Amino acid sequence: YEHLTVENGDTTGDKVISKPTVSAGQSAVKAPLPGVIIDVKVKVGDTVAPNDVVAILEAMKMENNINAGKSGVVKAICVNKGDSVLEGNDIIIIE
């Protein structure tokens, strides 16, 4: 039985994602609340509009659509399906 201690004191053993900050001219789509990524709907190079769903986050037993928030091209995907994220973690980088 293995425990993984996470910065917020959580010991669920789930992997928590933490990526580098965003550079100038780019913006990050951030997790609005802690949860688990159950699907990523885009890939690097895709063009997105503000209301496009880029990922689905399961939190509090509900599925939450995560929208791009702005138009642009997906430059990086910071999470994988099944990853645990904390509020404010980067999910997708758009330029």
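A.B. asks: So what exactly am I meant to see when it comes to the overall build of the protein chain here?
C.D. replies: Secondary structure assignment for the protein chain yields zero helices and eight strands. In the protein chain, the order of α-helices and β-strands from amino to carboxyl end is β-β-β-β-β-β-β-β. Counting contacts in the protein chain only where the partners sit at least 6 residues apart, residues at least 24 apart contribute 57% of the total. For the protein chain, the exposed surface amounts to about 5,900 Å²; the carbon and sulfur share of it is 49%.

A.B. asks: What exactly am I supposed to notice about the sheet that holds strand 8 (residues 90-94) here?
C.D. replies: Within a sheet, adjacent strands bond to each other through the backbone by hydrogen bonds, running parallel or antiparallel. Here four strands make up an open sheet; going across it, the order is 1-8-6-3 and the pairing antiparallel. Single-partner strands in this sheet number two, and they are strand 1 (27-30) and strand 3 (47-48). Strand direction decides the pairing type here: strand 3 and strand 6 (residues 72-77), joined by two bridges, are antiparallel. If you follow V48 over to strand 6, its bridge partner there is G72.

Calculation criteria
- Residues numbered from 1 in each chain as written.
- Predicted model: local features only at pLDDT ≥ 70, side-chain atom pairs only at ≥ 80, totals over all residues.
- Heavy atoms only, no water.
- Helix = DSSP H or I, 4+ residues; strand = E, 2+ residues; numbered from the N terminus.
- Contact = heavy atoms within 4.5 Å.
- Areas by Shrake-Rupley, 256 points an atom, 1.4 Å probe, with all protein chains shown as cover.
- Pairing = 2+ DSSP bridges.

Purely spatial values, then, with no claim about function.
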